[in-house]
Amino acid sequence: MYDPSQLRTFLAVAQTLSFTRAARRLGVRQSTVSQHVRRLEAATGRPLFVRDTHSVELTEDGEAMLGFARRILAVHEQATAFFTGTRLRGRLRFGASEDFVLTRLPEILEGFRYEHPEVDLELTVELSGTLHEQLAAGKLDLVLAKRRPEGPRGEPVRHDRLVWIGAERLRLEPDRPVPLIVYPPPGISRAMALEALERQGRPWRIVCTSGSLNGLIAAARAGLGVMAHSRGLIPPGLVRVPERAGLPELGGVDFVLMHGPRRTAAQSAADALAGAILAGGDRLQRR
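Just so it is clear, the model here is predicted, and its values are computed rather than measured.

(A) Up close: the overall build of the chain. Of the regular secondary structure elements, the chain holds 9 helices and 11 strands. For the C-alpha atoms alone, the extent of the chain along its principal axes is close to 65 × 45 × 30 Å. Counting every position in the chain, which comprises 287 residues, the buried fraction comes to 47%. The long-range fraction of contacts in the chain, counting pairs at least 24 apart against all pairs at least 6 apart in sequence, stands at 78%. Looking at the chain as shown, the accessible area adds up to about 14600 Å², and 50% of this sits on carbon and sulfur atoms. In the chain, the 40 positive side-chain charges and the 32 negative ones have mean positions that sit 1 Å from each other.

Below you can see the structure in the form of structure tokens.
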């Protein structure tokens, strides 16, 4: 039998690709994370990660273990809820960033609703910056959104990098301002893109502004310009802008879960949904 605590640690490492970030997420020492992974690898008789001083990657057996670990932990939670007689109820206001529209987040939410039919789940899809504001104002109970890596709040779901993307046929003229496709303020990717261009001293002009990810994608596919986007969530029909274009590095970004500043009646439901998202965090990439 596989130890659920070791499986949770395995998922945290697989989703963050970092023993340090996994330890921070789980609230344990890094040595504990290493010990759990070693014991799980001993139980399977297979290496689950390839790791050195600079990187952590899943092996082929590690990729297979992802699915098994999710299902084992899901059944474990179902059994616990059944025998303890706990049934979650109430209204849960959940906010998700536009970035996750094209991922398998809907599957995670569908599974949560199946497991907790008496929870009234209200979903808000917005810009990450707007979700941060609504959470602080008490209008949401739980948020899944982008955060700058130096941000103080939030439980890391996964780390990614922002990259420049556009239509494959798009060609940037070096002597002309960079044509930008952006969210309106307070979009985090917008702010990071403008800051990077300003640091480089590269002129720019905004050719499209939309609060909808689908609107931005349509403009980019039409070849109007470039946009800053998560490397792991690049939409179909768009590609990374080649380095020869000379655009500046955008830096990293964290996707985090944040609870409201005040405990509410929805806290137990928020905790359960947060657990489901963390367990299925590897599915929060482009389908």
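(B) Broad picture of the nonpolar core. The biggest cluster of nonpolar side chains holds 43 residues, and the ones touching the most others in it are Trp164 and Val226. Sorting the residues of this core by element identifies strand S3 (90-97), helix H5 (105-115), strand S5 (142-147), strand S6 (155-166), strand S7 (178-182), helix H7 (188-200), strand S11 (252-259) and helix H9 (267-279) as the ones contributing at least two each. Sequence-distant contacts of Val226, defined by excluding residues within four places in its chain, comprise Trp164, Ile165, Leu170, Leu172, Val178, Pro179, Leu180, Ile181, Val241 and Leu247. With 20 residues, the next largest nonpolar core counts Leu7, Leu11, Ala14 and Ala22 among its residues.

(C) Structural detail: the environment of Leu17. Counting through the fold element by element, Leu17 comes out in the loop between helix H1 (4-16) and helix H2 (19-26). Leu17 gets classed as partly exposed once you look at its relative accessible area, which sits at 35%. Linking Leu17 and His159, residues 142 residues apart in sequence, is a C-alpha distance of 8.4 Å. When neighbours within four sequence positions are excluded, Leu17 is seen to be in contact with Val56 and Glu57.

(D) Fine view of the pairing of S5. With respect to burial, S5 is a largely interior element, 6 of its 6 residues being buried. Note: S3 against S5, 3 bridges, orientation parallel. Across the sheet, Ala96 pairs through a bridge with Leu144, a residue of S5.

(E) Up close: the side chain of Asp99. Summarising the element assignment, Asp99 is placed in the loop between S3 and H5. Here the side chain of Asp99 touches Ser97 through a polar contact of 2.3 Å, side chain to side chain. A polar atom in the side chain of Asp99 sits 2.8 Å from the side chain of Lys146.

(F) Here's a closer look at the packing of H1 against H2. Orientation of H1 relative to H2, taken along the N-to-C sense of each, is 130 degrees, at an axis distance of 8 Å. Viewed along their axes, H1 and H2 adopt a mutual orientation that is oblique. Handedness of the crossing formed by H1 with H2: right-handed. Between H1 and H2, the residues in contact are Arg8, Thr9, Ala12, Val13, Gln15 and Thr16 and Phe19, Arg21, Ala22, Arg25 and Leu26, respectively. Looking at the contact of H1 with H2 residue by residue, the classes come out as 5 nonpolar, 3 polar and 3 charged.

(G) Representation of the environment of Trp164 in the model. By secondary structure assignment, the location of Trp164 is in strand S6. Along the primary structure Trp164 and Leu135 are separated by 29 residues, whereas in three dimensions their C-alpha atoms are 29 Å apart. Not counting chain neighbours up to four residues away, the residues in contact with Trp164 comprise Leu180, Ala193, Leu197, Val226, Met227, Ala228, Val239, Arg240, Val241, Leu247, Pro248 and Leu250.

(H) Spatial organisation of the environment of Phe112. Mapped onto the elements, Phe112 comes out in helix H5. With 161 residues separating them in the primary sequence, Phe112 and Leu273 have C-alpha atoms 6.7 Å apart. Sequence-distant contacts of Phe112, defined by excluding residues within four places in its chain, comprise Leu92, Val119, Leu121, Ala269, Ala272 and Leu273.

(I) Broad picture of the packing of H5 against H9. Viewed as axis vectors pointing N to C, H5 and H9 meet at an angle of 135 degrees, and their least axial separation amounts to 10 Å. In this view, H5 runs oblique relative to H9, as classed from their interaxial angle. Considering only the axes of H5 and H9, their crossing is right-handed. Contacts from Ile108, Leu109 and Phe112 of H5 reach H9 at Ala269, Ala272, Leu273, Ala276 and Ile277. Classifying every residue of the contact of H5 with H9 gives 8 nonpolar, no polar and no charged.

(J) Molecular detail of a nonpolar patch on the surface. Judged by side-chain polarity, Tyr2, Phe68 and Ile72 come together as a nonpolar surface patch covering roughly 260 Å² of accessible area. Note on placement: Phe68 falls in helix H4 (residues 60-84).

Rules used throughout
Residues numbered from 1 in each chain as written. Predicted model: local features only at pLDDT ≥ 70, side-chain atom pairs only at ≥ 80, totals over all residues. Heavy atoms only, no water. Helix = DSSP H or I, 4+ residues; strand = E, 2+ residues; numbered from the N terminus. Buried < 20%, exposed > 50% of the residue type's maximum accessible area, 1.4 Å probe, protein only. Contact = heavy atoms within 4.5 Å. Areas by Shrake-Rupley, 256 points an atom, 1.4 Å probe, with all protein chains shown as cover. Lys, Arg positive; Asp, Glu negative; His and termini not counted. Charge placed at Lys NZ, Arg CZ, Asp CG, Glu CD. Core = buried A, V, L, I, M, F, W, Y, C linked by side-chain atoms within 4.5 Å. Pairing = 2+ DSSP bridges. Polar contact = N/O pair within 3.5 Å; in protein donor to acceptor, adjacent residues only side chain to side chain. Axes fitted to C-alpha atoms, helices over the stretch in contact; angles between N-to-C directions. Parallel < 35°, antiparallel > 145°, perpendicular 65-115°, else oblique. Left-handed = near helix turned anticlockwise from the far one by under 90°. Nonpolar A, V, L, I, M, F, W, Y, C, P; charged D, E, K, R; others polar. Patch = residues over 30% accessible without salt bridge, like charges linked within 9 Å, V, L, I, M, F, W, Y side chains within 5 Å. Salt bridge = Lys/Arg side-chain N within 4 Å of Asp/Glu carboxyl O.

Interpretation in functional terms is not warranted from these geometric data alone.
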